[in-house]
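Reading the structure
One-letter residues, chain by chain:
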Amino acid sequence: MIPFAISVLANFRGTVQHGLPLEIGDTVQILEKCEGWYRGFIIKNPNVKVSCICGYSYVFVCLCLAHRQFETVIPMEESVVTEMTVTLREWGTMWKQLYVKNDGELFHRLWHVMTEILELRQQVLLGHLTHDRMTDIKQHVIARLDWGNEQLGLDLVPRRDFSMVDPDEISVTELYRLMERRHRRQDLPPQANMHHLFLQLNGLLNCSLGEELDVFFFIYDGREMRPISERFFVRLNKQGLPKSPERTERQCTLFVDLGSSDLRKDVYVVAHIFRIGRMVAGEKKSVCNTQYRRPFGCTVISVSDLLTADCKDDHLLKVYSCNTESEWYQIHDNIVRKVSSRYSQIGSGTGLAVSLQLLHGDLEQIQKDYMRLFTNSVSITRRLGFSDIIMPGEVRNDLYITLERGEFEKGGKSVARNVEVTVYLLGVDGQVLKGMVCSGSGEPGMDEFHSLVLYHSNSPRWSEMIKLSVPLELFRATHLRFEFRHCSTKEKGEKKLFGFSFVPLMQEDGRTLPDGTHELIVHKCEETANLQESSRYLKLSFSKASLQPGQNQTIKNSKESFWILSQLCSTKLTQNGDMLDLLKWRTHPDRIMDCLSKLKDIDGAEIVKFLQDTLDTLFAVLDESPQRYGLKVFDCLVHVINLLQDSKFQHFKPIMDNYIEHHFAGALSYRDLIRVLKWYVDRIIDTEHQEQIQQVLKAAEYLFKFIVQSRMLYTAAAAGQGEEEFRCSIHELFKSVHLFLSHESKGISPITHTQAVFLRSFPIVCSELLKVFNVREVANLARDTLNSMPALSHTDCPLQAVKLQCMAKTVESPLYTNPESRCVLLPVVLHLLHTYLQEQKELVLCANILTGMLSLECVVSEEVNIIMESLSGVLLRTILEVTSHPQPTATSLRLQYQDVTGEFVACLLTLLRQLSDKDYQKLLSRFPNKDELRGCIGALHLITYMFPKDWTVMRLVTNNVIITTVLYLSDTLRNNFLNEKFDFKVWESYLYLSIVFVIQPCLQLEMFPPSKRKKVLEKYGDMRVMIGCEIFSMWQNLGECRSLTCATCSSPVAVATLSR
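Residues numbered from 1 in each chain as written. Predicted model: local features only at pLDDT ≥ 70, side-chain atom pairs only at ≥ 80, totals over all residues. Heavy atoms only, no water.

1. Considerations on the sheet that holds strand 28 (residues 516-521)
The antiparallel open sheet is built from five strands, whose spatial order is 23-25-21-30-28. Strand pairing shows two members of the sheet lacking a second neighbour, strand 23 (437-438) and strand 28, which therefore form its edges. Sheet topology places strand 21 (residues 397-407) next to strand 25 (residues 461-469); seven bridges connect them, and they run antiparallel. Bridged to L399 within strand 25 is L468. (Pairing = 2+ DSSP bridges. Helix = DSSP H or I, 4+ residues; strand = E, 2+ residues; numbered from the N terminus.)

Take a look at the structure:
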């Protein structure tokens, strides 16, 4: 029968004859099966075997595999479930001890975490979870397990993809990186770049106004005195409560895409409150039945007040009103600046009740982490304009219009007017476009918008923002119309039209309405019927800026004007005429050079919006006349590529990669790109100003991607013709590169910076060339390039550090992972490492390079021998040197010190672990004298206590390697340092190393919980016994020399014998 095991899913009392009592989570080894009943034993108590145990309803099938001399049970369930089971058992014992110790706080916190893990374990076992939900649960469980282990002082668990790793299956360097990454994650929580503000309006408290209210929230930058978000709109009933309480999206919102720079003291959440009712509050109903939007109050809270809260926090915000209604437009700014003479509080108990919470990180992840906030619908309130980081695939086509102010005449009246503005969006046929005017998120779009009304003001200032969400296909023929009406306070409450303004959304050349302030002409009109045919007034001028000299002086001299502020946020439309001219270059071929020259002056956001169109245009122009436009197109291409290096646009690199792979069609472009690139490289040494050349070399990665893709397209189309020509052009290009890299400058010069720029992109260039050349050829090219640099006798030159960084990237690239090319590059890498380790310079980079080399799964023994022969001595000296220096006090430097020391030790352990018997003997033969051998023993001594105490897995692997090394050291001492060659200090070092090894806390298995002790014994055995036997053997071999060591070593040896 194939050996297998079962895991218990339910308790079984075992009351039947020969029954075996079982508890949830027990693992049972099956010896025999008969009609649904089994004979076997519990793994934790193998001595008790029974003839019958329970049937399938109680168990979960596992596999049982032979491993070394033991049998190991491998569950078929999710590994995280097994870890939860084992961990909860261990915690259960320690949790009870917390109660005994009266540690009530940790006792209750741990209980809640254990309960949560049990519930999640049940969900996983049921197997009804989606893949995404399973991933989320695993991530959550691992975080809880790590927290509990840390609180209880238990071991740090190395994991990969939510599963514990087997240290025998990975290299020591890789194990170290996993341990260090998990350790660092606990110490340094990740910093989020994006932030979002959740807001929920609960109501206006202690206000007996008796009128409905409109509340508009927005985020305001007090430093620049402008809003940085759209408005969020909530309607309140006469009792001051949300008008639609069942529609949560109408009372809750998420202000998205706030940058880290927005979380400061002078950024505020502002709420403007408008009452919907009579012109004057408290006016008799018989006076006028018409309702108007009238200013009521304003509240302000700083975003910085929310930074310390880690959950939804309730606030009651004081409400203030204007002392002078004409200053309503700046009431929030007066409150922020505490100009108290211009506002006053509305009632001592009146307040706006809101709940606020700052959320950090990616929006999609936040919706998963804070599901309780998003159980019901939540409206999204966007940032005005694009966020600090523009994401590809984001689609926006929003035009924001702010009704700024107006200047109107009295119109024959004795008092100033009460002006209301009505806004309409009209299409090509003059019909109102339905539902496209939005006064704020949280409410659906409207057909028209009515502004607030300021009482008796011919110079009203509204500062009200609306959003127009116009489909792209309707944008060209759409215009806005603003109708101005005087609102009478008499009994009829008439709203009498006296004028209008309009503005097209797109100009005749295809540009949209430019951002900024526009002074519109107020055309006289008293009858609505005169506005029915829009074609009649669209022939008129719409703004005073568009009036030509001598055109309609009556309008030009009019004192009436209306100002609006427009801001476009679109991923499809542009306001830039130069961008349109470039994309439509075929309509004016005589201006191509001028269009290309202006590309560098276009805003980067405009270019990335039309990235594919821009690239298509550049390569189309290049095909038109390579000799005439080649250099200019090349410079423009470099500019576009380097735009993507900006953190704001770096997420568009995948878009560029996708374009090159799937849309780029320039099969002949590689010739011109190589030609112009070589032209620049040939002039590096003789050019005084290196800025443009540095920009070219900074773009080398994508230039070579275009070159390689172009060549591949040509090869596919021409059946491989021109192969030798292409190869020669690349080699000629690299001859020019080698020439400028070999140039040696005194100190730091512009050419030095240019060399550094090229070296930073060189590894990626090599990876691209692998697509068109064989690995051996590219490896030779890389070797010659790196060797072309002057061999400096010192490592203080900053260029040498860049060369090391280049080497680190090369080791991580496909060029090094291929065995055929690695044999070419390995001598170059080892020579550079030896130089830096010898002088103790750039140790962090050296450690990273060596770790990368040894983390490869395909490293063969011959390469290990070459590395050991080249670096073993200098590596041991480096470890001794670094550990002998005191640790720096600065946190960042101390972490760097710990990292580099641990990485070097992990590298040494990896090398030792892979040595064969012959290799070990060869290694120890390189320590012919006693000082070098003592240095080797001293390094092993330091390694014994190198890692933190909770890194038990790493310590056990380390000890396993040290045992092997000690056994070979024993042979060396017996052969070279006994009898007449006896050296007391060498033997003393050896014995102390062995004794320190035996008494390590991580090897005292009696102190471990039973499950942990069993795992260690199965994998490594009791390492104290092995090293103890070796101590006894070596002590016997000392013979007559034993008396020379008794004085100092007998006492530690006695301590070692008592360790078990």
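2. Things to note about the packing of helix 29 (residues 952-976) against helix 32 (residues 1023-1038)
At a closest axis distance of 11 Å, the pairing of helix 29 and helix 32 adopts a crossing angle of 15 degrees. Classified by the interaxial angle, the pair formed by helix 29 and helix 32 is roughly parallel. In the crossing of helix 29 with helix 32, the sense of the turn from one axis to the other is left-handed. Across the interface between the two elements, L956, N959, N960, I963, V966, L967, S970, L973 and R974 from helix 29 touch M1023, M1026, I1027, E1030, S1033, M1034 and N1037 from helix 32. Of the residues contributing to the contact of helix 29 with helix 32, the split by class is nine nonpolar, five polar and two charged. (Axes fitted to C-alpha atoms, helices over the stretch in contact; angles between N-to-C directions. Parallel < 35°, antiparallel > 145°, perpendicular 65-115°, else oblique. Left-handed = near helix turned anticlockwise from the far one by under 90°. Contact = heavy atoms within 4.5 Å. Nonpolar A, V, L, I, M, F, W, Y, C, P; charged D, E, K, R; others polar.)

3. Quick look at the environment of S229
Its place among the elements puts S229 in the loop between strand 11 (226-227) and strand 12 (232-236). The exposure class assigned to S229 is buried, which follows from its relative accessible area of 3%. Not counting chain neighbours up to four residues away, the residues in contact with S229 comprise F218, I219, F255, R382, R383, L384 and M465. Of the polar contacts made by the side chain of S229, one reaches the backbone nitrogen of I219; its length is 2.9 Å. (Buried < 20%, exposed > 50% of the residue type's maximum accessible area, 1.4 Å probe, protein only. Polar contact = N/O pair within 3.5 Å; in protein donor to acceptor, adjacent residues only side chain to side chain.)

4. Here we look at the packing of helix 23 (residues 819-839) against helix 24 (residues 843-854)
Running from amino to carboxyl end, helix 23 crosses helix 24 at an angle of 150 degrees, the nearest separation of the two axes being 10 Å. Note on packing geometry: the crossing formed by helix 23 with helix 24 is left-handed. Contact residues: helix 23 offers L826, V829, L830, L833, Y836 and L837, while helix 24 offers L843, C846, I849, L850 and M853.

5. Remarks on the sheet that holds strand 19 (residues 351-360)
Hydrogen bonds between backbone atoms are what pair the strands of a sheet, whose relative direction is either parallel or antiparallel. An order of 16-19-9-13-20 is seen for the five strands of this open sheet, with the pairing classed as mixed. With one partner strand each, in any of the chains shown, strand 16 (313-318) and strand 20 (379-381) form the two edges of the open sheet. Within the sheet, the average angular offset between the axes of one strand and its neighbour, ignoring direction, is 30 degrees.

6. Thoughts on helix 14 (residues 653-663)
All of the buried residues in helix 14 are M656, Y659 and I660. Taken down its axis, helix 14 places every buried residue within 95 degrees of arc, on the same side. Of the exposed residues in helix 14, those oriented more than 90 degrees away from the buried face are E661 and H662. Where helix 14 is buried, its residues meet helix 12 (611-624), helix 13 (626-643) and helix 17 (700-718). (Arc of directions from axis to C-beta.)

7. Here we look at the pattern of salt bridges
On inspection of all chains with the given rule, the structure shows 55 salt bridges. One salt bridge connects R913 with D168, and the closest N-O pair in it is separated by 3.5 Å. With R913 in helix 26 (residues 891-913) and D168 in the loop between strand 8 (163-164) and helix 4 (172-187), the pair connects residues that are 745 residues apart, well separated along the chain. Accessibility expressed as a relative area gives 28% for D168, which makes it partly exposed. Notably, a salt bridge pairs E409 with K524, separated by 3.9 Å at the nearest N-O pair. Of this pair, E409 sits in the loop between strand 21 and strand 22 (419-426) while K524 sits in strand 29 (residues 523-524); the two residues are 115 residues apart in sequence, bridging distant segments of the chain. For E409, a relative accessible area of 38% translates into the label partly exposed. For K524, a relative accessible area of 56% corresponds to the exposed category. (Salt bridge = Lys/Arg side-chain N within 4 Å of Asp/Glu carboxyl O.)

8. Concerning empty space enclosed by the protein
Empty space among the atoms becomes apparent when a probe as large as a water molecule is rolled across them. One pass over the structure, following the stated rule, counts seven cavities of 30 Å³ or more. Surrounding the largest cavity, twelve residues form its lining, L876, L912, L923, C936 and T965 being those nearest its centre. Those elements giving two or more residues to the lining of the largest cavity turn out to be helix 25 (861-884), helix 26, helix 27 (917-924) and helix 28 (930-944). (1 Å grid on protein atoms, 1.4 Å probe; cavity = no way out; pocket = protein on both sides within 12 Å on 5 of 7 lines; lining within 4 Å. Points joined across faces, edges and corners; volume = space filled by probe spheres on them.)

9. Re the side chain of R293
Within the secondary structure layout, R293 lies in strand 15 (residues 292-302). Note on R293: relative accessible area 11%, which makes it buried. At 3.0 Å, the side chain of R293 and the backbone oxygen of H450 are in polar contact. In this structure the side chain of R293 is engaged in a polar contact, spanning 2.9 Å, whose partner is the side chain of E464. With residues up to four places along the chain from it excluded, the contact list for R293 reads D214, F216, F274, R275, I276, F449, H450, S451, L452, V453 and E464.

10. Describing the environment of Y992
Mapped onto the elements, Y992 comes out in helix 30 (residues 984-998). Placed 54 residues apart in sequence, Y992 and G938 show a C-alpha to C-alpha distance of 9.7 Å.

11. Things to note about the environment of S457
With respect to the helices, strands and loops of the structure, S457 is situated in the loop between strand 24 (448-450) and strand 25. S457 sits in the buried class, given a relative accessible area of 13%. Between the C-alpha atom of S457 and that of G406, which follows or precedes it by 51 residues, the distance is 9.6 Å. Leaving out residues up to four positions away in the same chain, S457 has contacts with A416, R417 and V419. There is a polar contact of 3.4 Å between the side chain of S457 and the backbone nitrogen of S459.

12. A word on the packing of aromatic side chains
Inspection of every chain in the model, using the stated rule, returns 36 aromatic pairs. Both rings, one in F482 and one in F562, keep their centres 5.1 Å apart while their planes meet at 55 degrees; by these two values the pair is tilted. Residue F482 is located in strand 26 (residues 479-487), and its partner F562 is located in strand 30 (residues 561-570); the two are separated by 80 residues in the primary sequence. Across the pair, exposure class does not vary: F482 and F562 are buried alike. Between Y659 and F664, the ring centres sit 6.4 Å apart and the planes meet at 50 degrees, which makes this aromatic pair tilted. The class for Y659 is buried, based on a relative accessible area of 3%. (Phe/Tyr/Trp six-rings, centres within 6.5 Å; stacked < 30°, edge-to-face > 60°.)

13. Let's talk about the confidence of the model for the protein
Counting all residues, the mean pLDDT for the protein is 82, and 86% of those residues have values of 70 or more. The secondary-structure element of the protein with the lowest mean pLDDT is strand 5 (residues 59-67), recorded at 43, while strand 24 shows the highest, at 95. Long-range and interchain partners of residues 51-70, a stretch whose pLDDT sits below 50, account for 80 contacts in this model, where long-range means more than four residues apart. Confidence over residues 889-896 falls short of pLDDT 50; this stretch has seven contacts with residues more than four positions distant or in other chains. (pLDDT = per-residue confidence, 0-100.)

14. Observations concerning helix 28
The terminal C-alpha atoms of helix 28 lie 21 Å apart, and with 15 residues this matches the ideal 21 Å at 1.5 Å per residue to within 8%. Within the sequence span of helix 28, burial applies to L933, G935, C936, I937, A939, L940, I943 and T944. (Expected span 1.5 Å × (residues − 1).)

15. Observations concerning the pairing of strand 10 (residues 212-221)
Among the ten residues in strand 10, nine count as buried, and that is most of the element. For strand 10 and strand 14 (residues 267-277), the ladder comprises ten bridges, and the chain directions are antiparallel. Bridge pairing in strand 14 places F216 opposite H272. Both strand 10 and strand 12 contribute to a ladder of five bridges, which runs antiparallel. Residue F217 lies in a different strand from strand 12, and its bridge partner there is F232. Counting the residues in the hairpin turn of strand 10 and strand 11 gives four residues, including M225, whose phi is positive at 55 degrees.

16. What to know about unusual backbone geometry
Although it is not a glycine, M225 adopts a positive phi angle of roughly 55 degrees. Tracing the backbone shows M225 in the loop between strand 10 and strand 11. We note that E842 has phi near 50 degrees; this positive angle belongs to a residue other than glycine. Here E842 shows up in the loop between helix 23 and helix 24. For E842, a relative accessible area of 37% translates into the label partly exposed.

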